[in-house]
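Below, each chain spelled out in residue letters.
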Amino acid sequence: MPIKKGAEIAPAKGKLGVLLVGLGAVSTTFIAGVEAIKEDLAKPIGSLTQMGTVRLGKRTDNRVPAIKDFVPLADLGDLIFGAWDIFPDSAYDAAVHAGVLEKELLNKLRKPLQKIKPMTAVFDQTYVKRLSGTNVKTGKNKLELARQLIAEIAEFKRKHRCDRLVMIWAASTEIFMKPHAVHRDLKSFEQAMRDNHKAIAPSMIYAYAALKSGVPFANGAPNLTVDIAALMNLANQNGAPICGKDFKTGQTLMKTILAPGLKSRMLGLHGWYSTNILGNRDGEVLDDPDSFKTKEESKLSVLEYILQPEVYPQLYKDFSHVVRINYYPPRGDNKEGWDNIDIFGWLGYKMQIKIDFLCRDSILAAPIVLDLALFLDLAQRTGMKGVQEWLSFYFKSPMTAPGLYPEHDIFIQLMKLKNTLRHLRGEDLITHLGLEYYD
Ligand SMILES: NC(=O)c1ccc[n+]([C@@H]2O[C@H](COP(=O)([O-])OP(=O)(O)OC[C@H]3O[C@@H](n4cnc5c(N)ncnc54)[C@H](O)[C@@H]3O)[C@@H](O)[C@H]2O)c1
């Protein structure tokens, strides 16, 4: 049943444990960032929960509260971090290795970061070919590994006296997988875990453990993970909100900003060529064709959905869309994304747009992790469960109810997110009709 207008929201009291799968560039930039913000060493730029506002009522009402004052979100001081990784490095060492944040800043945060040591991971190289590590669990089958995770989740909650938990997948991209018959319901999924079936990837084992524990789960990578019937049903059963997949940063963020603009002015598209050079561990993993395929699928679908060639064949039928990622170590996390966009206007005259985005992937991803942790927790305290489509704003391949196409236009996604918050607080939705100003 949909959540009703002005629903009761349990207060955000006590500690919120944020469990991160993968303690790499994104996770450490997120954790270090929160610690820096708590110490007043930096500002939470890029975070809607920390900096965003929401307009209420008429434009003449002048009611524009900060989102964090409008809905009860966990305070940054109440966040406790935990993680799993296949490497035993502390969050401090992992952040130094990732090379995203400056040493000077990290040294100021050394104490809290060194305290965060990753738990042993559920890992299998079949699913991420370019990595191997030593900090890995063993168990007689995949169900047994899931049970170990469930025990760790409970122990983390107890030890750190957390009131609530959320889990976010920020680990490496797994190989491309399609839904399999064993994913159709929980019974066959659990049997497949017992049988060590190949269709159960490590990311699914984490998601299963979270949902079994009633913990909300977000998927920051393009892996299939929680996007299968068995786990969606488990989320509904156990009152756990889920969302995914693949954090919307960098080139795809630009695409979902620009493409709606071109479409809104009825400008046509012949082709969109996107290429990236990237030198971090994520880039290394994506250099493997099987992991890249997962990413490619996620990146390619965006334009088709926004431009709707079936509705506007004269403008968008058969446009060419190419996406490339090239692993180039000297760049580290400082990716360079080029786009060449061949468009056409009045009478079919051709024009070109070039974008050269000197971007920092993890700087764009970290505030997304923060917002998702806080919003998933809000959703659970409100009694929302299963797929949270209102969080599409943060993803390249938003999860939806089965049979529903995803909304990729970032402006529609933002309106959906803010209208959801208005709905939860019993406020009128904003339609932008505005006729009342001219009565
Ligand atoms: N940075 C971005 O802008 C961005 C955007 C969208 C998606 N992503 C995705 O987020 C994920 C993290 O990105 P990153 O830049 O931090 O990568 P990273 O390589 O720096 O970190 C990933 C970490 O996950 C660990 N890992 C791999 N498999 C694991 C497992 N089964 N259990 C526990 N740990 C495991 C690795 O050892 C590594 O430390 C990637 O899948 C990436 O594709 C990142």
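Residues numbered from 1 in each chain as written. Predicted model: local features only at pLDDT ≥ 70, side-chain atom pairs only at ≥ 80, totals over all residues. Heavy atoms only, no water.

Focus on the pattern of salt bridges
Opposite charge on two side chains permits them to pair, given that their charged atoms come into close proximity. Taken as a whole and assessed by the stated rule, the structure comprises 20 salt bridges. Across the pair K137 and E152 runs a salt bridge, and its minimum N-O distance is 2.8 Å. Note that K137 is positioned in the loop between β3 (119-120) and α7 (142-159) and E152 in helix α7, a separation of 15 residues in sequence. The pair K137 / E152 is uniform in exposure class, with both members buried. Residues D163 and R164 are paired through a salt bridge, measuring 3.0 Å at the closest nitrogen-oxygen approach. Overlapping salt bridges, with partners in common, bring together D163, R164, D377 and R381 in one network. (Salt bridge = Lys/Arg side-chain N within 4 Å of Asp/Glu carboxyl O. Helix = DSSP H or I, 4+ residues; strand = E, 2+ residues; numbered from the N terminus. Buried < 20%, exposed > 50% of the residue type's maximum accessible area, 1.4 Å probe, protein only.)

Description of the layout of surface pockets
Its boundaries defined by the atoms lining it, the second largest pocket holds a volume of some 630 Å³. Of all elements in the fold, only α1 (25-38), α11 (250-264) and α15 (361-381) reach the threshold of two or more residues within the lining of the second largest pocket. The element that contributes the greatest number of residues to the lining of the second largest pocket is α15, accounting for 7 residues. Split by residue class, the lining of the second largest pocket holds 21 nonpolar, 4 polar and 3 charged. (1 Å grid on protein atoms, 1.4 Å probe; cavity = no way out; pocket = protein on both sides within 12 Å on 5 of 7 lines; lining within 4 Å. Points joined across faces, edges and corners; volume = space filled by probe spheres on them. Nonpolar A, V, L, I, M, F, W, Y, C, P; charged D, E, K, R; others polar.)

Overview of the site of the ligand
Surrounding the ligand, one finds 31 residues, the nearest of these being V26, D85, V122, A171 and T249. Interatomic distance of 2.7 Å between a side-chain N/O atom of D85 and an oxygen atom of the ligand. For the shell around the ligand, the secondary-structure elements that each account for two or more residues are α1, β2 (79-85), α12 (281-286) and α15. No other element matches the 3 residues that α15 contributes to the shell around the ligand. (Near = heavy atom within 4 Å. Polar contact = N/O pair within 3.5 Å; in protein donor to acceptor, adjacent residues only side chain to side chain.)

With respect to the packing of α7 against helix α9 (residues 202-212)
As a packed pair, α7 and α9 sit with axes 9 Å apart at the nearest point and diverge in direction by 50 degrees. Classified by the angle between their axes, α7 and α9 sit oblique to one another. Of the two elements, α7 crosses α9, and the hand of that crossing is right-handed. In contact with K142, L143, L145, A146, L149, I150 and I153 of α7, α9 contributes I205, Y206, Y208, A209, A210 and K212. (Axes fitted to C-alpha atoms, helices over the stretch in contact; angles between N-to-C directions. Parallel < 35°, antiparallel > 145°, perpendicular 65-115°, else oblique. Left-handed = near helix turned anticlockwise from the far one by under 90°. Contact = heavy atoms within 4.5 Å.)

Brief notes about the sheet that holds strand β4 (residues 162-169)
Read from one edge of the open sheet, 7 strands run β3-β2-β1-β4-β5-β6-β11, paired in parallel fashion. Looking at the sheet topology across the chains shown, the edges are occupied by β3 and β11 (386-387). Sheet analysis places strand β1 (residues 15-21) next to β4, joined by 7 bridges and oriented parallel. Paired with V21 across the two strands is W169, which belongs to β4. Here α9 sits on the sheet in contact with β1, β2, β4, β5 (217-219) and β6 (241-244), set at roughly 160 degrees to β5. (Pairing = 2+ DSSP bridges.)

Brief notes about helix α10 (residues 229-237)
The complete set of buried residues in α10 reads A230, L231, M232, L234 and A235. If you follow the buried residues of α10, they end up packed against α8 (186-194), α9, β6 and β11. Looking one or two places after α10, you find G239, whose phi comes out positive at around 65 degrees.

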